[in-house]
Number of protein chains: 2
Amino acid sequence: MIIGISARDIRFPTSRDSHGSDAMNPDPDYSCAYASIEMSGGDPTGHGLTFTIGRGNDLCVAAIKGLGVHLVGRKLDEFEEDLGLASRLLLNDSQYRWLGPEKGVVHLAAAALINAVWDALAKRAGKPLWRYVSDLSPAKFLSAIDFRHIRDYLPEEAALERLESQYAGRADRIERLMKDGYPAYTTSAGWIGYSDVEIVRKLKVAHAEGWRHFKIKVGGNLQQDVERCALFRNTLGNDVRLSVDANQVWDVADAVTASRAMAPYDIYWIEEPTSPDDILGHKAIAEQVAPLKLATGEHAHNRVMFKQFLQAEAIGFCQIDACRLAGVNEVLAVMMMADKAGIPVCPHAGGVGLCEYVQHLSMIDYVCISGTMDDRVIEHAAHLHEHFLNPIEIRNGRYIAPTKPGYSIDMWPQSLADHEFPGGPVWAEDVHQ
Amino acid sequence: MIIGISARDIRFPTSRDSHGSDAMNPDPDYSCAYASIEMSGGDPTGHGLTFTIGRGNDLCVAAIKGLGVHLVGRKLDEFEEDLGLASRLLLNDSQYRWLGPEKGVVHLAAAALINAVWDALAKRAGKPLWRYVSDLSPAKFLSAIDFRHIRDYLPEEAALERLESQYAGRADRIERLMKDGYPAYTTSAGWIGYSDVEIVRKLKVAHAEGWRHFKIKVGGNLQQDVERCALFRNTLGNDVRLSVDANQVWDVADAVTASRAMAPYDIYWIEEPTSPDDILGHKAIAEQVAPLKLATGEHAHNRVMFKQFLQAEAIGFCQIDACRLAGVNEVLAVMMMADKAGIPVCPHAGGVGLCEYVQHLSMIDYVCISGTMDDRVIEHAAHLHEHFLNPIEIRNGRYIAPTKPGYSIDMWPQSLADHEFPGGPVWAEDVHQ
C-alpha cells in the first residue's frame, strides 16, 4: 500500500558553464522535482521526476505533495488492475485542474507521480519499463489511455486494431532491440553558449565516438545561425545528419526566412521554429519551407495539442516529452496518434533524467506501435547521467536497451543530498540565488 | 519605488452550497491569490489577484512571491514610461517560463502582478483603469502589447491604424458609457448543482431585476440538458437570450449531437463545448452546428491560442479572462485580434473579482478598439462582491461604469483575514481540508 509521497527540489548549477543554453533559455540550471512513492508490505518504492530548468522547481515539488494525497492508501495492485487509475486520480481533481487545465505546473507534477507508479509496477514485475509495457496485451495497453478529447482523431477501436495487428511481430522486435539498440542523435556539441572553437572540438569528439546525427542550437542571429550550419558541414562533411533547434524564438515569417537560409546545409529538421502553442503557425511555416520538415513537442503540453499538430500536418517529427505530457499514459496516447499519422516519434531528452526516461518510450513505440525504427532517433545529451543508479548506455550512437527493473529514474542518495535546493552543499554557498 | 511584494491565499467555501458548480467542476471553492505591491514614496499600493477554485491556490501564491522579485526596486514611473515592462520582466524569466511556457500556474501568477501594476498606475492617475487606458494615445496603448508570435495575424502597423481610426469617437463613447453602462448577462441562476425548483425561482427573481440574457450550465446528461433549456423557455418565454455552458466535457461528436438537440431552444451561444485547447475541434463543431455559435476562452491561456481560434473561425464569441491571460497587456492583444476578426468580446467573469476586473476590459474594448457594444455582454454572477472595496454596480442588467481610481480589485482587510487559508476563521474549523 502507498503510505506516503515525498518530493525533493533537486537542482544542478549547469548555467555556470552554459551547458543546455539556447536562444530562449540562456542560463538553465537543470533541475528536477523528484517524487518518491513509499510502499508498505514489501512493494518497491516508485520514483518519478519532472524536469525544469531552475526557478519554479519548488512549485512542482509543492504540486507533487498536494496532488500526491490522491494516491495514498491505494494498493499497487489497484494500479496494476486499472492502468488508467493514477492518471484519473491526479488529472481529474477539478480544483487543481483549473490551474491548467492539463498543462503547466500541475501537469508536470502529475507526470512525476504517474511515472513513479509505472516505475513501481515495472520494478515489482522485475522488468525494465519498456519490457513491462511490451508484455501487456493490446487490450490492457489500451486501458492505460484516456481517449477523451482525442477520439475524433483516434477512436478506441482503431487503436486496438493497430495494437493487435502489431502484436505478432513483438518477439522479433524485442530481440532486435536487445541486439542492436535504438538510434540516437546528440545535442551535446551545439549549445548556443558554446564558442565556435568549443563546438568544433566537441563535434569531432562526438563523431569519433560514433555519432552520425547532431543537433545545434540556432535562433540567435540569422547570419550566425547560417555560419554555424556551415561550420558544422565544414567540420563533419555531408555524410552525417544535422538538425537545428530555434527554441521558439521566431515569428512565422522569420521562421520561414531562417529555414530557407539554412536549407542549403541539408537540415534534417527545424525544431521549435515558433510558439509551441501555434499549431496553425507551424502549418503555415511547414507549407512554405517544404520539403524541409518541422519538429516540435517538448513544450506541447497534452494529447489535444499533439492531436492537432498531427491533424493539421504541421509537423514532420513528433517530439514527445516524458514529463511535459502527463507521464507514460499520455505518451502512449500521443505515440498512437503519431503512428496513425505516419509521423516518426523522436523524443525530447537531455535535461535531467529525460534520456533515462525516453529510451523506454521509443522502445515501446517500436515494439508495440509503429513496429519500425526508420527515421526515428532518441535525443541524447551527455550530462548528469552519473547521478542515476541505472544510467543510459550508448554504443556507436545508439541507446542500448535497458535491462534493470523499473523506469531507470532512481537517483543516488548522495546526488540528491548534494544538489538539494537551497540547502545542499552545491547551493549553500551560491550567492546568486 | 516598489519595496516589497506580498501574496495571500484567500478561499471562500462556495462548494458548501453548490455555488459555481458545473459539469467539470462539481465543488469549487472560489479562491484567489491576492497580490499586493508595496510602494515607498507615497505611491499607492497596487493590488491584483488571480482566480482559482481552491486546491492549488497556494501554488499561485508561491509563484507570485517567486516572480515578484523582478518588480522590486523598480519605480512606478518606469512602468508608466514603458507599459510593456512588467510583462517582459515577469514572462521572460526563462527559468519560470519553462513551467508554461505562458500558461498554467506561472502565467496566472504573472497576471496578478501585472494587474497590480496597472492598478497602481490607474490609482496614481486618479482614474478607473478603463478610463486610464482610454486616455492613452494610440501609440502608447500599442506599446503595452507584445506582438511576438501574433504579428502574422495582427501586425503592429495594422493595430496602430485601427486604434488611430477609433480615436476620434472616444469622447462620445465615454459619455455614452457613463450614461448607459455596458450590457451584461447573468450566470447566477443556472449552476449545475441547483435543483429545478431553485433554478425557476432564481430565474424569476433575476428577470424581475431586469436581466434579459441568462446562462445555464449543461453537460451532465443530454436529456437533462434539453429539459433545462425547456424549463428555461417555459419560465421566461422567448423574448430573452439563453446561452449554455458545457465546461469542456464533450468530445467533438458529442458536442455536435448535444448542440443540435438544444438548438430548438434558441441558444445564443454554446460555451466550452470541448477541450479548451482544441482549436480544430471547435472549428469542426462550429461548422457542423452553424448557424449556432460557439464561445470559449476562459481557459485559453494566451494570445497565441486566441489567435488561432480567430484564424480558424472556430468561435463566434471571444471570452477573455482577466487573469488567465497575463493581465491587461495580453488582454489588449487579444481584444485587438478579436476586433480584427469581427468577433464580439464577451468576457468570462463570476469567480472572485472577475466581474470587478472585466468590466474595465469591455469598456476599453468599446472606447478604444471595437467602438461598439452590439452583440457584446459581460458575464455576471451575484456572489462575493461584498468583499471588494469598490464592487461592481448593476442596473437593469447592465454594468455601471466604475468611477473610483484603480482596477476595482482591492479587498476589505476583514474579508482577507476571515478567508485566509488555512488559518482564517472560515477555514480553521473545516474538517474536510
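You'll find chain A entered in an unreviewed UniProt entry as Fuconate dehydratase, with Henriciella marina given as the organism. The UniProt entry for chain A carries the following comment under Cofactor (unreviewed entry): "Mg(2+)".

(A) Structural view of the nonpolar core. With 305 residues, the main nonpolar core has Phe141 of chain A together with Leu71 and Phe141 of chain B as its most contacted residues. Discounting residues that sit within four places of it in the chain, Leu71 of chain B has contacts with Ile2, Ile5, Ile37, Phe79, Ala86, Leu89, Leu90, Leu113 and Val117 of chain B.

(B) Spatial organisation of the pattern of salt bridges. Counted by the stated rule, this structure contains 64 salt bridges over all chains. The residue Arg151 of chain B makes a salt bridge to Glu156 of chain B at a minimum N-O spacing of 2.9 Å. Owing to a relative accessible area of 33%, Arg151 of chain B belongs among the partly exposed residues under this scheme. Owing to a relative accessible area of 23%, Glu156 of chain B belongs among the partly exposed residues under this scheme. A network of salt bridges, in which partner residues are shared, links Arg97, Glu102, Asp146, Arg303 and Glu330 of chain A.

(C) Examining the relation of the copies chain B and chain A more closely. Rotating chain B by 180° and moving it 0.0 Å along the rotation axis overlays it on chain A with an RMSD of 0.0 Å. Accordingly, the operation relating the two chain copies is best matched by a two-fold axis. Relative to the rotation axis, the C-alpha of Gly104 of chain B is the closest in chain B, positioned 2.2 Å from it. Of the interface residues in chain B, 100% have counterparts in chain A that sit at the interface too, so the contact is made through matching surfaces.

(D) Examining the interface of chain B and chain A more closely. Taken together, the contact between chain B and chain A spans 60 residues of the former and 60 residues of the latter. Contact with chain A buries surface across chain B, with Arg55, Gln95 and Trp98 of chain B losing the most and accounting together for 19% of the total. In this structure, Asp93 of chain A and Arg55 of chain B form a salt bridge, with 3.0 Å as the shortest nitrogen-oxygen distance. Seen at the junction of chain B and chain A, the total is 40 residue pairs in polar contact (both at pLDDT 80 or more). Examining the composition of the side of chain B that touches chain A, we find that five residues originate from one element, helix H14 (residues 303-311) of chain B, more than from any other. Partitioned by chemical class, the residues of the side of chain B that touches chain A number 27 nonpolar, 18 polar and 15 charged.

(E) Spotlight on helix H9 (residues 170-180) of chain A. All names here are of chain A. Listing the buried residues of H9 in full gives Arg170, Arg173, Ile174 and Leu177. The buried residues of H9 all sit within an arc of 105° when viewed along its axis, so they share a single face. With respect to the buried face of H9, the exposed residues turned more than 90 degrees away are Asp172, Glu175 and Lys179. Tucked into the core, H9 has its buried residues touching helix H6 (129-134), helix H8 (156-167), strand S4 (182-186) and helix H16 (354-369). Just downstream of H9 lies Gly181, where phi reads positive at about 70°.

(F) Summary view of the sheet that holds strand S2 (residues 31-39) of chain B. Residue and element names in this part refer to chain B. With antiparallel pairing, the three strands of this open sheet are ordered in space as S1-S2-S3. At either end of the open sheet lies a strand with only one pairing partner, and these are strand S1 (2-11) and strand S3 (46-52). Between one strand axis and the next, the sheet turns through 15° on average, direction left out of account. Two strands pair when backbone bridges link them, and S1 and S2 are joined in this way by nine bridges, in the antiparallel orientation. Counterpart to Arg8 in the pairing with S2 is Tyr34. The strands that helix H5 (residues 104-125) touches are S1, S2 and S3; relative to S3, the one it contacts most, it runs at about 150°.

Rules and cut-offs
Residues numbered from 1 in each chain as written. Chains lettered and ligands numbered in written order. Predicted model: local features only at pLDDT ≥ 70, side-chain atom pairs only at ≥ 80, totals over all residues. Heavy atoms only, no water. UniProt positions renumbered as here; feature names shortened; annotations may be inferred. Core = buried A, V, L, I, M, F, W, Y, C linked by side-chain atoms within 4.5 Å. Buried < 20%, exposed > 50% of the residue type's maximum accessible area, 1.4 Å probe, protein only. Contact = heavy atoms within 4.5 Å. Salt bridge = Lys/Arg side-chain N within 4 Å of Asp/Glu carboxyl O. Least-squares fit on C-alpha atoms with pLDDT ≥ 70 in both. Buried area = accessible area lost by both parts, 1.4 Å probe. Polar contact = N/O pair within 3.5 Å; in protein donor to acceptor, adjacent residues only side chain to side chain. Helix = DSSP H or I, 4+ residues; strand = E, 2+ residues; numbered from the N terminus. Nonpolar A, V, L, I, M, F, W, Y, C, P; charged D, E, K, R; others polar. Arc of directions from axis to C-beta. Pairing = 2+ DSSP bridges. Axes fitted to C-alpha atoms, helices over the stretch in contact; angles between N-to-C directions.

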